[in-house]
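# Residue-level structure breakdown
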Amino acid sequence: MKSDEKEGKHSGKGRRGYKYVAPATVLVTGLLATALLVWTYRIAERQRTLVAWADAAMVIQIRTATFHRMFETALAEGSREGMEKAFPLLEEAVKLSEGLLHGGRTERGLILPPLDTTRYRMHGEGILSRLTALKRIALSRNRNPDLAVAGSTLKKEFDAAFAGSQEEGRALEDMTERALSDYQDRARRLHFLIIFVWTSLIAGTTMWLAHSERRRRQAETAVEEAYREMERQVRIRTAELSDANRHLEGEITERKRAEFSLRTSEGEYRRLSAQFRILLDTIPDAILLVSRDLSVVWSNKGATAFSRSGPTGVRCH
């Protein structure tokens, strides 16, 4: 009995423990999936930032190249108006390069976060410094177009600043595009992982619900069987009690009948006894009933000759 009780206790503890395993598993898996979603969001934000940097670097190169072409054309034609029209392009490139270092907005109004790593900032600072030099040299050439002829020092410095800005822009663009490709690979792997985790979560939840439903049905079946067994036992016990009740009622009826018969026999006996006594008293002879010790137990009226009060109690030896 004790071993059975221990086994029952251990099985009960096991069932209670299992009851918390499935919800805990679902909770942990859900938290993991949530963490993966947060990680995916951060990767997406990083991708957006890298796209903004790459786009800004590309726009800087385009604006600078357009400025270089327009400025050289206007300078060759001697058109100061053409040179003045070219400078806003360079200003836009400088503004974007400053936005790369300190944060700002792109020409489409998108938020441009500042470069946040040493390598990125190194190229951003290189772009800004060369664009600043390019602007300074361009202003000098604009003021003294005669000194900016082909082969002159200003022309060489101008071309070197332009080439340096383009080189730094391409380097920053290449770095951001490689990082973007790497983050895209991470996001792809993370998406597969999220799909696997969510699939596992759904499968685990489905299995747990199916198991819970199966256990519920088993419990309902056990309860129904126990209820049917209880009804059967109740019917058996009710039948036994009915039989016992009928038997008891029969015994009570028989006892009443016996008591009635006994009372009837007693009355008949008394009546017969009284008639027999009257009959004996009418006999004139003395009739005595003597016990073993010769004491007179009873006498009729004819025995009054022995004693006025009758011979009862007198020894007749």
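Above this note sits the structure.
Quick caveat: nothing in here was measured; it's all calculated off a predicted structure.

## Section: the pairing of strand β4 (residues 296–299)
Where strand β3 (residues 288–290) lies against β4, three bridges are found, and the strand directions are antiparallel. Each bridged residue has a counterpart across the sheet, and for V290 the counterpart in β4 is V296. Taking the residues between adjacent antiparallel strands as the criterion, β3 and β4 are bridged by five residues, where L294 takes a positive phi near 70°.

## Details of the layout of surface pockets
By volume, the largest pocket is sized at about 170 Å³. E92, K95, L96, G99, G103, G104, R105, T106, E107 and L112 together form the lining of the largest pocket. For the lining of the largest pocket, the elements supplying multiple residues, two or more each, are α2 (80–102) and β1 (104–105). Looking at the lining of the largest pocket residue by residue, the classes come out as two nonpolar, four polar and four charged.

## Examining the pattern of salt bridges
Considering all chains together, one arrives at 19 salt bridges under this definition. The salt bridge involving K85 is made with E81; its shortest N-O contact spans 3.7 Å. Highlighted residues: K85 and E81, both in helix α2, separated by four residues, approximately one helical turn. In this pair, the class of K85 matches that of E81, namely exposed. E213 is the salt-bridge partner of R217, the closest N and O atoms lying 3.2 Å from each other. Taken together, the residues span about one helical turn, with R217 and E213 both in helix α4 (residues 153–282) at a distance of four residues.

## Concerning the nonpolar core
If you look at soluble globular proteins, the nonpolar side chains tend to sit buried side by side. Judged by nonpolar contacts, the single largest core of 46 residues is most densely connected at F67, F71, L100, Y120, L131 and L134. Contributions of two or more residues to this core are made by α1 (2–77), α2, α3 (118–143) and α4. If one sorts the elements of this core by residue count, α1 sits on top with 14 residues. With sequence-adjacent residues up to four places away left out, F71 is seen in contact with M83, A86, F87, A138, R141, N142 and F158.

Thresholds, definitions, all that
- Numbers given to residues run from 1 along each chain, matching the order in which its sequence is written.
- At least 70 in pLDDT is required for a residue's local features to be given in this predicted model, at least 80 for side-chain atom pairs to be given and counted, and no such filter applies to totals for whole chains, interfaces and linings, which use all residues.
- Note that water and hydrogens are dropped before the side-chain values are worked out from all heavy atoms of the structure.
- Any two strands with at least two DSSP bridges between them are considered paired.
- Secondary structure counts use DSSP, requiring at least four H or I residues in a row for a helix and at least two E residues in a row for a strand, with both numbered from the N terminus.
- Residues are called lining when one of their atoms sits within 4 Å of a cavity or pocket point, these points coming from a 1 Å grid over the protein atoms alone, where a cavity is a set in which a 1.4 Å probe fits but cannot get out and a pocket is an open set with protein on both sides within 12 Å along at least five of seven lines.
- Grid points are joined across faces, edges and corners, and a volume is the space filled by probe spheres set on the points.
- Classes in brief: Ala, Val, Leu, Ile, Met, Phe, Trp, Tyr, Cys and Pro nonpolar; Asp, Glu, Lys and Arg charged; the others, Gly included, polar.
- Here, a salt bridge means any Lys or Arg side-chain nitrogen found within 4 Å of an Asp or Glu carboxyl oxygen.
- Categorising residues by exposure relies on relative accessible area from a 1.4 Å probe, with only protein chains included: less than 20% of the type maximum marks a residue as buried, more than 50% marks it as exposed, and the intermediate range marks it as partly exposed.
- Take the buried Ala, Val, Leu, Ile, Met, Phe, Trp, Tyr and Cys residues and link them wherever side-chain atoms come within 4.5 Å; each set so joined is a nonpolar core.
- Whether two residues touch is decided by their heavy atoms; if any such pair falls within 4.5 Å, the residues are in contact.

Shape is all these values report; function is a separate question.
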